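Residue-level listing of the chains:
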Amino acid sequence: MKRRKPNAPKHPDRNGPGGNRIESSRREGVVSTFGDTTKNMAGNSTRNKISPTRSLKHSHHPQLTLLKKQKSAYGGELRNTRAGRAGARPLAVKQTMHLVLRSSKAKGAWSFRHARNARRIREIIHHFAGKNGVFILSMANVGNHLHIHMKLMNRFTYAPFIRAITSAISMAVTGRSRWQKPTAQTKNEKKEAFWDYRPFTRVIESFRALLTMRDYVRINQLEGRGFTRAEARRILYTDSLIRSSG
């Protein structure tokens, strides 16, 4: 009787080259998710049929939450809600933006449409826009609020630009300076904010929104000149018909 060697494998199919690896993979439940080519027990090549797209689609990866669409509007009356206060202000460099500054105190001599204030406000906005690299595409002065269609060259230029124009406009309209020492008359007066809300901004994300923004600024420009909203819309519609026919 032929004696078997002590070191010889009892099951060559299992314990041969690659046999231990296949058995351990089966015990541990290791499955290739990218279609790797493996060999079965018979030695035939088999290809995993699990799609990588399917595996990534059904996986709950934490970075996939970053792909959710973010809101494009911030500030103004939106900050009265919890959702409006959440997150940072969306800023865009490739798209244009709509900026609104509102003050209920802009009446009478403090009105933005006042002859003295209108020219000064226009100079302030264009001065600090050129200083901070902001393009002013259009602007509408409605008396107690301003509509500005602008484009940022850099995200970091918005903060110095908005700080400069809001403080300069409030000082130019009211005649008060934050560096002026309080007198005996103004010392006991309660200091109130000139602006009603934080500046409202909205990113113009589509061409349709861009056209709507252009018409909206045009309507507010006509309202600032004394036309009603209905008359401004009628003038805008007539202008569009003339452009399309010409």
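Everything discussed here concerns the structure shown above.
So, how was this worked out
- Numbers given for residues are sequential positions, taken from 1 along each chain in its written order.
- This being a predicted model, a pLDDT of at least 70 is required before a residue's local features are given, and a value of 80 or more before pairs of side-chain atoms are given or counted; all residues contribute to the totals for chains, interfaces and linings.
- Computation of side-chain values covers all heavy atoms of the structure but excludes hydrogens and water.
- Starting at the N terminus, helices and strands are each numbered in turn, a helix being any DSSP run of H or I of at least four residues and a strand any DSSP run of E of at least two.
- Buried means the residue's accessible area, taken with a 1.4 Å probe over protein chains only, is under 20% of the maximum for its type, while exposed means over 50%, and partly exposed covers the values in between.
- Contact between two residues is taken to exist if any of their heavy atoms lie within 4.5 Å; hydrogens are not considered.
- Accessible areas in this description were obtained via Shrake-Rupley with a 1.4 Å probe; residue shielding takes into account the shown protein chains only.
- By definition, two strands form a pair when at least two bridges between them are found by DSSP.
- Note on method: axes are straight lines fitted to C-alpha atoms, helices fitted across the in-contact stretch only, with angles between N-to-C directions ranging 0 to 180 degrees.

Chemist: Honestly, the overall build of the chain in this entry has me stumped. Any pointers?
Modeler: Helix and strand counts for the chain stand at 8 helices and 7 strands. Taken over 246 residues, the chain has a buried fraction of 30%. Partitioning the intrachain contacts of the chain with sequence separation of at least 6 by distance along the chain shows that 60% fall at a separation of at least 24. Of the roughly 18,200 Å² of accessible surface on the chain, a fraction of 53% belongs to carbon and sulfur atoms.

Chemist: Please explain the sheet that holds strand 3 (residues 73-74) as it appears in this structure.
Modeler: Hydrogen bonds between backbone atoms are what pair the strands of a sheet, whose relative direction is either parallel or antiparallel. Spatial ordering of the open sheet is given by 3-7-4-6-5, a layout of 5 strands whose pairing is antiparallel. With one partner strand each, in any of the chains shown, strand 3 and strand 5 (134-141) form the two edges of the open sheet. Bridging between strand 5 and strand 6 (residues 145-152) involves 7 bridges; their strand directions are antiparallel. When the sheet's bridge partners are listed, N141 is paired in strand 6 with L146. Those strands touched by helix 5 (residues 115-132) are strand 5 and strand 6, and its axis lies near 165° from that of strand 5. Packed onto the sheet, helix 6 (residues 158-174) meets strand 4 (97-102), strand 5, strand 6 and strand 7 (200-203) and runs at close to 30° relative to strand 4.

Geometric values such as these leave the question of function open.
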